[in-house]
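Chain by chain, the residues run as shown.
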Amino acid sequence: MTHDPIHLLTLPRGTNALHPTLILDGDVALLVDTGLPNTLDQLSAELARFGVTPDHLTAVLITHHDIDHIGNLKALKTLNPQMSVITSEGEVDFVEGKVQAQKLQDIASGALVIAEDQKAWAETLTRVFPTLSTPVDDVVQDGDVLTIADGIEVIATPGHTLGHISLYHHATQTLITGDALNLNQGQLNGPNPRMTHDLELAKASLKKLAAYPIQRILCFHGGLIEGKNLQQLLDKLSQ
Ligand SMILES: [Zn+2]
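Definitions and cut-offs
- Residues numbered from 1 in each chain as written.
- Predicted model: local features only at pLDDT ≥ 70, side-chain atom pairs only at ≥ 80, totals over all residues.
- Heavy atoms only, no water.
- Phe/Tyr/Trp six-rings, centres within 6.5 Å; stacked < 30°, edge-to-face > 60°.
- Helix = DSSP H or I, 4+ residues; strand = E, 2+ residues; numbered from the N terminus.
- Buried < 20%, exposed > 50% of the residue type's maximum accessible area, 1.4 Å probe, protein only.
- 1 Å grid on protein atoms, 1.4 Å probe; cavity = no way out; pocket = protein on both sides within 12 Å on 5 of 7 lines; lining within 4 Å.
- Points joined across faces, edges and corners; volume = space filled by probe spheres on them.
- Axes fitted to C-alpha atoms, helices over the stretch in contact; angles between N-to-C directions.
- Parallel < 35°, antiparallel > 145°, perpendicular 65-115°, else oblique.
- Left-handed = near helix turned anticlockwise from the far one by under 90°.
- Contact = heavy atoms within 4.5 Å.
- Pairing = 2+ DSSP bridges.

Engineer: Could you give an account of the packing of aromatic side chains, with specific residues and numbers?
Structural biologist: A complete count under the given rule lists 1 aromatic pair for this structure. Between the aromatic rings of tyrosine 168 and tyrosine 212, the centroid separation amounts to 4.7 Å while the plane-to-plane angle is 55°, which identifies the pairing as tilted. On the criterion of sequence distance, the pair formed by tyrosine 168 in strand 9 (residues 165-169) and tyrosine 212 in the loop between helix 7 (199-209) and strand 13 (216-219) is long-range, its members being 44 residues apart. Summarising the burial analysis for this pair, tyrosine 168 and tyrosine 212 share the class buried.

Engineer: Could you give an account of the layout of surface pockets, naming the residues involved and the relevant values?
Structural biologist: The space that makes up the largest pocket amounts to roughly 800 Å³. Along the walls of the largest pocket sit 27 residues, with Arg13, Asn16, Asn182, Asn192 and His221 positioned nearest its centre. Every element with two or more residues in the lining of the largest pocket is listed here: helix 2 (67-70), helix 6 (119-128) and strand 11 (182-184).

Engineer: Describe the packing of helix 5 (residues 102-109) against helix 6, listing the residues and the values that go with them.
Structural biologist: Between helix 5 and helix 6, whose axes approach to 10 Å, the crossing angle comes to 120°. Taken together, the axis directions place helix 5 and helix 6 in an arrangement best described as oblique. As for the relative orientation of helix 5 and helix 6, their crossing is left-handed in sense. Residue-level contacts link Lys103, Leu104 and Ile107 of helix 5 to Trp121, Ala122, Leu125 and Thr126 of helix 6.

Engineer: Tell me about the pairing of strand 5 (residues 84-88), residues and numbers included.
Structural biologist: A regular strand carries its side chains on alternate faces of the sheet. Most of strand 5 sits inside the fold, with 5 of its 5 residues counted as buried. Sheet topology note: the strand 4 (residues 59-61)/strand 5 ladder contains 3 bridges and is parallel. Its bridge partner lying in strand 5, alanine 59 is registered against serine 84. Here strand 5 pairs with strand 6 (residues 138-140) via 3 bridges, running parallel. When the sheet's bridge partners are listed, threonine 87 is paired in strand 6 with valine 139.

Engineer: Go over the sheet that holds strand 13, please, and point to the residues and values.
Structural biologist: Ordered by their spatial adjacency, 6 strands build an open sheet running 7-8-9-10-13-14, and the pairing between neighbours is mixed. Across the chains shown, the open sheet's two edge strands, defined by having one partner strand only, are strand 7 (145-146) and strand 14 (223-226). Strands strand 8 (152-156), strand 9 and strand 10 (174-176) of the sheet are contacted by helix 7, whose axis makes an angle of about 150° with strand 8. Packing of helix 8 (residues 230-237) onto the sheet brings it into contact with strand 10, strand 13 and strand 14, and relative to strand 13 it is tilted by some 50°.

Engineer: Which residues make up unusual backbone geometry, and what are the values?
Structural biologist: Positive phi, close to 60°, is recorded for aspartate 150, a residue that is not glycine. You can see aspartate 150 is positioned in the loop between strand 7 and strand 8. Here aspartate 150 falls in the exposed class, since its relative accessible area comes to 66%. Residue glutamine 173 is not a glycine yet carries a positive backbone phi of 50°. Positionally, glutamine 173 belongs in the loop between strand 9 and strand 10.

Engineer: Give a description of the sheet that holds strand 5 that names residues and reports values.
Structural biologist: Consider a sheet: its strands pair through backbone hydrogen bonds, and that pairing is either parallel or antiparallel. Strand order in the open sheet formed by 6 strands is 1-2-3-4-5-6, and the pairing between neighbours is mixed. In this open sheet, the two edge strands, each paired with only one partner strand, are strand 1 (6-8) and strand 6. On average, adjacent strands in this sheet sit at an angle of 25° to one another, irrespective of strand direction. Relative to strand 3 (residues 28-32), strand 2 (residues 21-25) runs antiparallel, the two being bridged by 5 bridges. Bridged to leucine 22 within strand 3 is leucine 31.

Engineer: Can you break down the pairing of strand 2 residue by residue, with the values?
Structural biologist: Of all 5 residues making up strand 2, 4 are buried, and the element is well covered by its neighbours. Pairing between strand 1 and strand 2: 3 bridges, direction antiparallel. Residue pairing in the sheet places leucine 8 in a bridge with threonine 21 of strand 2. Two successive antiparallel strands, strand 2 and strand 3, enclose a turn made up of 2 residues, where glycine 26 displays a positive phi of approximately 60°.

What follows is the structure in structure tokens.
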């Protein structure tokens, strides 16, 4: 494919940038994940690099409801009510604010123990999460194919959260993995065990991803990795 419709965005955040993905096809513009709350200026500047403004977005797909993924969603929807909000069945109630964020539930149950240096983060989450509720317009499930850029397949990748989804672009053999995978200084890792709701499930999801031919992977945390051995690498990480 000479024309590459998949664009990695970079939202600076200390030493670890966040990476939503923009998929462009003619007049259609699909954004995958949105960054932290109150960073719409950053996001808009990144969209502008590709000639897109927030009110041009056709749809936003949310891989899962963590705060760094839904942060700008409500602001975008307010600016652009036409824009369709898409996520999986398992994430809808969280995105719509009908149930408490999984991380907050895990903190409350003791499944997620908060270290001293995470206390401020947990407090922010408690305070901010209820303010981010946004209605979902379309629910996708495993195997659905979005009719953009010759087809983007939805892959259910539960584990990090129970409704987590990833995307696969067949034409360029590109995986967009949300937080199912992380890239740290060029090294591909599975989901951070401490921040993963169900690690066994997360590993099974990696096994599932390893079945696809993969030229490149876009991680929300860490960005782009390309290469020949990504499938084998994924298979290893799923053990
Ligand atoms: Zn994240």
